[in-house]
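Each chain, letter by letter, is given below.
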Amino acid sequence: MKGSSHAVAGAVTGIAISTTMHLNPITTIGMTLLGALIVDIDEEHSKINKILFPVAKENRWLVKALVGAAMIASQINSLQFIGIILLLSLVSARVKYKFSLWNGFQEFKYHRTFFHDPIIGGLLLTAPLYALGLSQALIIPYVVGVLSHYVLDLCTAYGLPLYLLGGKRLRFPIINYHSGNNLMEYGLLACYCVAVFTIAIKPAGFQYLQAFNNQYDFTFTKLFGSLKK
Ligand SMILES: [Zn+2]
């Protein structure tokens, strides 16, 4: 799936979370966008790599390594986390092995690498945030952003790799399309946006109803209570 599609999904998810949970829309959308795009850091020619490191592709790894090292050298925890992710993405791009208990390590060529593995990537990209002690208002949107990336990539024919399960590929059985099929990609994106808003609107609508009740003192129990008096 294209980086721009992941960005749209991330932004829509951020809007839905900020409305439902009454969070700051700017930081929430920023965190869902970061989560939705960061997974593609392991694909050397992905949009996020091109945006973050707008240099010739043969120099990109060097710039990435320098930026990552500088971030780790800083004393700011969140920057150090991103620095580690950047350096790991350089390693990830060169991992050519899968593992299974039965066959051990075997060669495995796959252009989505271990950040796309929902177990390894999911842990690497999200678990350190809890150790950093960031607020839930930042962690939740970011984690949901990462999940949105996995869900949407699961719908592609390429699927997600499971490095520790013998390189098995995970993908949805019927809904999977080959990259380049824009009709399917935009159709899927539209379905995703509708689904997210439907899930988000329900609790939001319920909260508005509660707020209305509290403001006008108009619940049925109170109405019947006052009739009894
Ligand atoms: Zn991806």
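In what follows, the structure referred to is the one given above.
Just so it is clear, the model here is predicted, and its values are computed rather than measured. Note on numbering: residues in each chain are counted from 1, in written sequence order. Per-residue local features are limited, in this predicted model, to residues with pLDDT of at least 70; the limit for side-chain atom pairs, both in listing and counting, is 80 or more; totals at the level of whole chains, interfaces and linings are taken over all residues. No hydrogens and no water enter the side-chain calculation; it runs on all heavy atoms of the structure.

*Asks:* Looking at this structure, how should I read the nonpolar core?
*Replies:* If you look at soluble globular proteins, the nonpolar side chains tend to sit buried side by side. Within the largest apolar cluster, 21 residues are counted, with the highest numbers of intra-cluster contacts made by I38, I85, L125, Y142 and V146. A run of H or I in DSSP becomes a helix once it reaches four residues, and a run of E becomes a strand once it reaches two; helices and strands are each numbered from the N terminus. When residues of this core are traced back to their parent elements, those giving at least two are α2 (25-38), α5 (77-92), α6 (120-132) and α7 (136-154). In this description, contact between two residues means that some pair of their heavy atoms is separated by no more than 4.5 Å. Aside from chain neighbours lying at most four places away, what touches V146 is G35, A36, I38, V39, L125 and T126. As used in this record, nonpolar core signifies buried Ala, Val, Leu, Ile, Met, Phe, Trp, Tyr and Cys residues forming a set joined through side-chain atoms within 4.5 Å. In this scheme, a residue with accessible area under 20% of its type's maximum is buried, one over 50% is exposed, and one in between is partly exposed, where area comes from a 1.4 Å probe on protein chains only. Formed by 13 residues, the second largest nonpolar core is a distinct cluster that contains A9, V12, V196 and A200.

*Asks:* I would appreciate a short explanation of the packing of aromatic side chains in the present structure.
*Replies:* How two aromatic rings sit relative to each other is given by the distance of their centres and the angle of their planes. Stacked, edge-to-face and tilted labels apply to pairs of Phe, Tyr and Trp rings (six-membered ring for Trp) whose centres lie within 6.5 Å, assigned for plane angles under 30 degrees, over 60, and everything in between, in that order. Evaluated as defined, the whole model comprises one aromatic pair. Geometrically, the ring pair formed by F114 and F115 is stacked, given 5.6 Å between the ring centres and 20° between the ring planes. With a relative accessible area of 11%, F114 lands in the buried category. Taking NZ or CZ as reference, R169 lies 5.1 Å from the ring centre of Y158, over its face. Two limits define a charge over a ring: the Lys NZ or Arg CZ must be within 6 Å of the ring centre, and within 35 degrees of the ring normal.

*Asks:* Looking at this model, I keep getting lost on the state of the cysteines. Mind explaining?
*Replies:* A disulfide bridge is the covalent bond that connects two cysteines by way of their sulfur atoms. In plain terms, two cysteine sulfur atoms within 2.5 Å form what is called a disulfide here. Per the stated rule, a full pass over the model turns up zero disulfides. Of all cysteine sulfurs, the one in C191 lies closest to C155, which takes part in no disulfide; the gap is 9.5 Å. No disulfide involves C191; its sulfur sits 9.2 Å from the nearest other cysteine sulfur, which is in C193. For C191, a relative accessible area of 53% translates into the label exposed.

*Asks:* How should I be thinking about the packing of helix α1 (residues 3-21) against α7 in this particular structure?
*Replies:* The description of two helices packed together rests on the angle between their axes and the distance between the axes. Note on geometry: axes are C-alpha line fits, over the in-contact stretch for helices, and angles between N-to-C directions span 0 to 180 degrees. Contact pair α1 / α7: the axes reach a minimum separation of 10 Å and the direction vectors enclose 140°. With respect to their mutual orientation, α1 and α7 come out oblique. Relative to α7, the crossing made by α1 is right-handed. Only I140, P141, V144, S148, H149, L152 and D153 of α7 make contact with α1, whose side of the interface consists of H6, A9, T13, I17 and M21. Oblique is the label for any angle not under 35 degrees, not over 145, and not in the 65 to 115 range, which are roughly parallel, roughly antiparallel and roughly perpendicular in turn. Two helices crossing with the near one rotated counterclockwise from the far one by less than a right angle form a left-handed crossing, whereas a clockwise rotation gives a right-handed crossing.

*Asks:* I keep staring at a positive patch on the surface and nothing clicks. Help me out?
*Replies:* Residues K2, K47, K50 and K57 make up a contiguous surface patch of positive charge. By secondary structure assignment, the location of K57 is in helix α4 (residues 57-73). For K57, a relative accessible area of 56% corresponds to the exposed category. Exposure above 30% relative accessible area and the lack of any salt bridge qualify a residue for a patch; like charges then connect within 9 Å, and the nonpolar side chains Val, Leu, Ile, Met, Phe, Trp and Tyr within 5 Å. Methods summary: accessible areas were calculated by the Shrake-Rupley approach with a probe of 1.4 Å, and residue burial reflects only the protein chains presented. When a carboxyl oxygen of Asp or Glu is within 4 Å of a side-chain nitrogen of Lys or Arg, the pair counts as a salt bridge. Under the convention used here, Asp and Glu are negative, Lys and Arg are positive, and both His and the chain ends fall outside the count. Charged groups are reduced to one reference atom each: NZ for lysine, CZ for arginine, CG for aspartic acid, CD for glutamic acid.

*Asks:* What is the right way to look at the coordination of the zinc ion in this model?
*Replies:* The textbook angles at a metal center are 109.5 degrees for a tetrahedron of four donors and 90 or 180 degrees for an octahedron of six. The donor definition counts N, O and S atoms within 2.8 Å of each metal and applies 3.2 Å to Na, K and Ca; water is not among these atoms, so some sites may look incomplete. Within the protein, the zinc ion binds to D40 (OD), H116 (NE2), H149 (NE2) and D153 (OD); these donor distances fall in the range 2.1 to 2.3 Å. Every angle between 85 and 135 degrees makes a four-donor site tetrahedral, while opposite donors more than 155 degrees apart, with all other angles between 65 and 115, make a four-donor site square planar and a six-donor site octahedral; other sites are irregular. Considering all four donor atoms around the zinc ion, angles at the metal cover 86 to 176° and the coordination shape is irregular. Summarised as a motif, the one-chain spacing of the donors to the zinc ion is D-x75-H-x32-H-x3-D. Highlighted residues: H149 and D153, both in helix α7, separated by four residues, approximately one helical turn. With relative accessibility at 0%, the residue H149 sits in the buried group.

*Asks:* Would you mind showing me how to read a nonpolar patch on the surface here?
*Replies:* Taken together, the side chains of V151, F172, I174, I175 and M184 define a hydrophobic patch exposed on the protein surface, amounting to about 460 Å² of accessible area. Within the secondary structure layout, I174 lies in the loop between β4 (168-170) and α8 (182-216).

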